[in-house]
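Below, each chain spelled out in residue letters.
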Amino acid sequence: MTAPAGDWRLIREESRPGPMQMALDEVAAETAAAGGPATVRTYRWEPSCLTLGYRQDPATVDWGFCEREGIDVTRRQTGGGGIYHDAHGDVAYSIAVPAADVPGALMDCYHRLCEPVLDAFERLGVDADYVDTAVPELYHPACYLRELHPAHDVVAGDAGEPDARRKIAGNAQYRKRDAVIQHGSLSFSVTPERHLETFADPPVTPAAFRDRVVGIDELAAVDRADAVAALEAALAAWVVGDGEGETTDLDRDGSWTEAELARAEELVETKYRADEWVRTRPGDRG
């Protein structure tokens, strides 16, 4: 299966601060909803960033550690727990498409939009797939340590030992203004200690974290640039498809318009860096 027909753009990996990356995801959704091109993109969190789930309690964050280490903190539109996005170890992507062009059922929509993610792992020689059954959580505030769900959690490892397969990618969606935005992270390299230190007193050891999460670099002899290139190639192939049926036009060197960047900067200042958004849960806001 391929992407919906229409005009698409591929925006290749851009290094930006986390609040700007979240703002650009929202802007891409607005553009798709308004009849502009749908967007597939890859991005790098620069500097490293902790993103909180939409309803996550800010008290679960070690704010002092993040400030001392120069780690950005923002809040996602999507649910789940916090994710530490290492500037080197995390490979991020997002897809923004009109809601009318994708399945309305959540599971079907996830599986449609996750197709290029699984293709990227195949291109890298990593045996990855959705987790077969739910896996109990280890620590609720940390997204990677929550219960693994067959809808959107991807695990990898030895296919002959399903119980030993570890999480390698997470994906999440939200709908906004008649558009669907899905974003996710592929773990290239895992640093359990640093990930856990962004949280306030997590009752999980680095060894337990590593038993749950695996990086591409542990399973394939590739560097980070290879992982990014494989993901970009998979996204492009998903959009273009086999050339049959309706025509899909892809700008492989896509970019943001000046208006989109201005809108994103506005969202950074009024939302994704604002204490009211980042340090306050939705139900607690005045």
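First things first, this report covers the structure right here in the doc. Worth saying up front: this structure is predicted, and the values here are computed from it rather than measured.

Calculation rules
- Residues numbered from 1 in each chain as written.
- Predicted model: local features only at pLDDT ≥ 70, side-chain atom pairs only at ≥ 80, totals over all residues.
- Heavy atoms only, no water.
- Helix = DSSP H or I, 4+ residues; strand = E, 2+ residues; numbered from the N terminus.
- Pairing = 2+ DSSP bridges.
- Axes fitted to C-alpha atoms, helices over the stretch in contact; angles between N-to-C directions.
- Disulfide = S-S within 2.5 Å.
- Buried < 20%, exposed > 50% of the residue type's maximum accessible area, 1.4 Å probe, protein only.
- Salt bridge = Lys/Arg side-chain N within 4 Å of Asp/Glu carboxyl O.
- Contact = heavy atoms within 4.5 Å.
- Polar contact = N/O pair within 3.5 Å; in protein donor to acceptor, adjacent residues only side chain to side chain.
- Core = buried A, V, L, I, M, F, W, Y, C linked by side-chain atoms within 4.5 Å.

## Description of unusual backbone geometry
What is expected of a backbone is that most residues other than glycine have negative phi and most peptide bonds are trans.
Inference 1: Here Glu46 and Pro47 are connected by a cis peptide whose omega angle stands at 5°.
Inference 2: Tracing the chain through its elements places Pro47 in the loop between β2 (38-45) and β3 (49-52).
Inference 3: Even without a glycine there, the phi angle at Asp201 is positive, about 55°.
Inference 4: Its location among the elements puts Asp201 in the loop between α5 (192-197) and α6 (206-212).

## With respect to the sheet that holds strand β4 (residues 72-75)
Inference 1: An order of β4-β3-β5 is seen for the three strands of this open sheet, with the pairing classed as mixed. In this open sheet, the two strands that pair with only one neighbour each are β4 and β5 (83-85). Ignoring which end each strand starts from, the neighbouring axes of this sheet average 25° apart.
Inference 2: One ladder, built from four bridges, connects β3 with β4; its direction is parallel.

## Topic: the state of the cysteines
Inference 1: On inspection of all chains with the given rule, the structure shows zero disulfides.
Inference 2: Not engaged in a disulfide, the cysteine Cys49 finds its nearest cysteine sulfur in Cys66; these two sulfurs lie 8.8 Å apart.
Inference 3: On the basis of relative accessibility, which here comes to 0%, the residue Cys49 falls in the buried class.
Inference 4: No disulfide involves Cys109; its nearest neighbouring cysteine sulfur is the one of Cys114, lying 9.2 Å away.

## What to know about the pattern of salt bridges
Inference 1: Scanning the entire structure with this criterion turns up 18 salt bridges.
Inference 2: Asp127 is paired through a salt bridge with Arg165; the nearest N and O atoms lie 3.7 Å apart. Taken together, the residues Asp127 in the loop between α4 (115-124) and β7 (128-130) and Arg165 in the loop between β8 (153-156) and β9 (166-176) connect sequence positions 38 residues apart.
Inference 3: Given the relative accessible area of 15%, Arg165 is considered buried.
Inference 4: Close ionic contact of Asp153 with Lys167 constitutes a salt bridge, the shortest N to O distance being 2.9 Å. Residue Asp153 is located in strand β8, and its partner Lys167 is located in strand β9; the two are separated by 14 residues in the primary sequence.
Inference 5: A relative accessible area of 1% places Lys167 in the buried class.
Inference 6: Taken together, the shared-partner salt bridges in this structure form one network comprising Arg12, Glu232 and Asp253.

## Remarks on the sheet that holds strand β10 (residues 179-187)
Inference 1: Judged by pairing direction, the sheet is mixed, and its eight strands sit side by side in the order β7-β8-β9-β10-β6-β2-β1-β11 without closing on themselves. Strands with a single pairing partner mark the edges of an open sheet, and in this sheet they are β7 and β11 (248-251). Shown here is a sheet whose adjacent strand axes are inclined to one another by a mean of 20°, direction ignored.
Inference 2: With nine bridges connecting them, strand β6 (residues 90-98) and β10 associate as antiparallel partners. Within β10, the residue paired with Ile95 across the bridge is Gln182.
Inference 3: Lying over the sheet, helix α1 (residues 18-33) contacts β1 (6-16), β2, β6, β9 and β10, oriented at roughly 180° with respect to β2.

## Looking at the environment of Thr51
Inference 1: With respect to the helices and strands, Thr51 occurs in strand β3.
Inference 2: Through-space distance from the C-alpha of Thr51 to that of Tyr93 is 14 Å; in sequence the pair is 42 residues apart.
Inference 3: Ignoring anything within four residues of it in the chain, the contact list for Thr51 reads Trp45, Thr74, Arg76, Gly81, Gly82, Ile83 and His85.
Inference 4: Only 2.9 Å separates the side chain of Thr51 from the side chain of Arg76, close enough to count as a polar contact.

## What to know about the side chain of Gln21
Inference 1: Here Gln21 lies in helix α1.
Inference 2: A distance of 3.1 Å separates the side chain of Gln21 from the backbone oxygen of Glu14, its partner in a polar contact.
Inference 3: If we ignore the near neighbours within four places in the chain, the residues touching Gln21 are Glu14, Ser15, Arg16, Arg41, Tyr43, Arg44 and Trp45.

## A word on the nonpolar core
Inference 1: Ranked by size, the top nonpolar core spans 43 residues in total, and within it Leu50, Leu145 and Phe209 carry the most contacts.
Inference 2: Among the elements that make up this core, the one with the highest residue count is α1 (seven residues).
Inference 3: Setting aside residues up to four positions removed in sequence, Phe209 forms contacts with Tyr144, Leu145, Val190, Pro192, His195, Leu196 and Val204.
Inference 4: Judged by nonpolar contacts, the second largest core, of 41 residues, contains Trp8, Tyr93, Val154 and Ile216.

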